Amino acid sequence: MSTNAKTRYNISKVFGPAVPDKGSKDSDPSADNMAGIAINGKTAYCAKRSQTSSNIFVIENIASASFDALNGKTPVSIPYAVHGMTYHNNYLYMTCYKNTIIKMPVSSIGKIAAEYTVTEDGNGYIPQSITYYGTVNNEDLFIVGVEKMQKNGAFFYMIGSLSNGKFVEKKRFYVNNSAGYEQPQDIFYHSKYGLFVVTNKKTDGAFTIYNMLLCAKIPDELSSVENGNTYYPTSEFKFNGNRNYSKLVVKSIYITDDGTLYLSTNATSAPSVLEKYSKDAIFRATNPVFKKDGILEMTLSCNGDTEIPNAVGTYNNSTYSCINPGAFTLDGNTGYCFKTHTTKDTVLRDKISILFKSSDVSSQNFSEAFSPRKLFTELGHCNGMVFVNGFLYVAAYDRYTTPERKQITKINPSTGKIVETYECDSMFGGIGYYGNNNFIVLNYEQLAGEPAFSQTLHFYIGSFKNGSFDSEKEFTVNNPFYLSKVTVLQDIHYDINHGLFFITHRTDVEISKIYRINPDKITNASVKEPLIPDEVFIPNSSISEIESVCIASSGIMYIVQNKSTSKPDLVSKVSGLTFSN
């Protein structure tokens, strides 16, 4: 896995306020270039600049500010061309042309409390971006970006303090320009998530609506920052506006304590739209939101469903109903799903399963894979499945036999014949393909002296040899959604581009969450130090219990929804999320 692997997301959004070029005769009428934004609690501050001065706008209650909130508001004009802005401890700090950082109290907008010169090796540079980094030994530290110091396609940044009229450099580093967008803008740092870099893409020499936010994990302690190191983004966030704009250039971002992402933009209205869209705008991003414990939260919504019918019949004079869609996988566009009879207090519980198939998972409903109907009576509870080299590998267990079933089965999907059954030391309920004939599996039983299997997840990487699963590596993962016995585990998914996904479900609140772990983390993972997921995908209220997840070769995510007994189960395409290598 290369060190520059990342996941790309689309950002959905709602309007914040529009920002006019001027608000009174005392403001600079030529200050029409949107610049930095900073937020303190509910109050936001933003700058619009010309070549020699800037207008500073104050926005009260940014979380609910309407589109026309700044109509009639009077900005404060200052004789500095502002580029970037950040807030810390009741002050705004702004990078300005030519090589200056200014300090302004929020209690007295327009008053300059101090100026600091930014130099590098004795030469002055335009400090374009700035963000608060942290405080060490009562010394406030800031990250400052200098566009002219780019190196080999990477953006240049310095960490330093402000003292005696100067920016004092402590460390310097680079952020790889993973998206290839030419123009860096402002930055924002959060110790839990990393450094966010705004970039824009040019077309034919002019900025278009193409914007990408890069997120690179920078150490949260200055001593851990390697001087001169290049950090690679692990996530990219795409933002291209909407139909009201022919051009939208993101200039600055800020993430509030409640996890909302704000973007200030230079806006050009599309033809034949209302005049109000000719004003620059601030957007509130509803997806993603940034919450707690260092885990990025993404909202799942669906755009298109295919149905998986239920199956009811009689076997050995007992009635079965295969209505639990536990295992799902893809072979290109072809989808496979096992549904199992799991009704409590029945003799056939976890003893009957039926394989369903869709020739095009994005548009064709599922039907039984074999006619006449084929019953799989050797599998148990089909919970996980992966398609590899023409075969289905099914992680299915049975807690209700003695001894308990601990097997993984290899099936030919064309004939329905079981090719081989592999004995396992543990009960595995999730399976993915790790590459090079190795599989990754998830343990489904309590280990002696260990936390609950759904609290600290045990994963194993290994291969199938001589009728058994041969584990070569074991590691653990923390489940942030764990709560006692109401927590259950579902299927897993792994691919080298996007990493490891596992599904956890809480029966007390009937909510499923999908957690993702960056593939680079798994290389050095161990049993002793459980990994913490990087992202969590939270379904909206319309999504039912999630049983399985799979990412197609096209990069589209598909989830299996276990609906009520009166409705068909669904394989749903997730909208708003796309992935890149």
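Residues numbered from 1 in each chain as written. Predicted model: local features only at pLDDT ≥ 70, side-chain atom pairs only at ≥ 80, totals over all residues. Heavy atoms only, no water.

Before going further, it helps to examine the packing of aromatic side chains. One pass over the structure, following the stated rule, counts 34 aromatic pairs. Consider the rings of Phe 439 and Phe 464, whose centres lie 4.8 Å apart with planes at 55 degrees: the pair is tilted. Of the two residues, Phe 439 is situated in strand β38 (residues 438-443) and Phe 464 in strand β39 (residues 456-465); the sequence distance between them amounts to 25 residues. Grouping residues by exposure puts Phe 439 and Phe 464 together as buried. Among the aromatic residues, ring-to-ring pairing joins Tyr 393, Tyr 422, Phe 428, Tyr 433, Phe 439, Tyr 460, Phe 464 and Phe 469 into one connected group. Seen from the ring of Tyr 91, Lys 103 lies directly overhead, with NZ or CZ sitting 4.3 Å from the centre. (Phe/Tyr/Trp six-rings, centres within 6.5 Å; stacked < 30°, edge-to-face > 60°. Helix = DSSP H or I, 4+ residues; strand = E, 2+ residues; numbered from the N terminus. Buried < 20%, exposed > 50% of the residue type's maximum accessible area, 1.4 Å probe, protein only. Lys NZ or Arg CZ within 6 Å of the ring centre and 35° of its normal.)

Take the side chain of Asn 562 next. Looking at the element boundaries, Asn 562 is found in strand β46 (residues 557-562). Only 3.0 Å separates the side chain of Asn 562 from the side chain of Glu 547, close enough to count as a polar contact. Among residues more than four places away in sequence, those in contact with Asn 562 are Ile 323, Asn 324, Pro 325, Ser 544, Glu 545, Glu 547 and Asp 569. (Polar contact = N/O pair within 3.5 Å; in protein donor to acceptor, adjacent residues only side chain to side chain. Contact = heavy atoms within 4.5 Å.)

Okay, the pairing of strand β44 (residues 535-539) next. Taking burial as the measure, the five residues of β44 include four buried ones, the bulk of the element. Pairing of strand β26 (residues 296-308) with β44 involves five bridges; the strand directions are parallel. Counterpart to Glu 297 in the pairing with β44 is Val 536. Note that strand β43 (residues 511-517) and β44 share three bridges and pair antiparallel. Pairing of Tyr 515 across the sheet is with Val 536, part of β44. (Pairing = 2+ DSSP bridges.)

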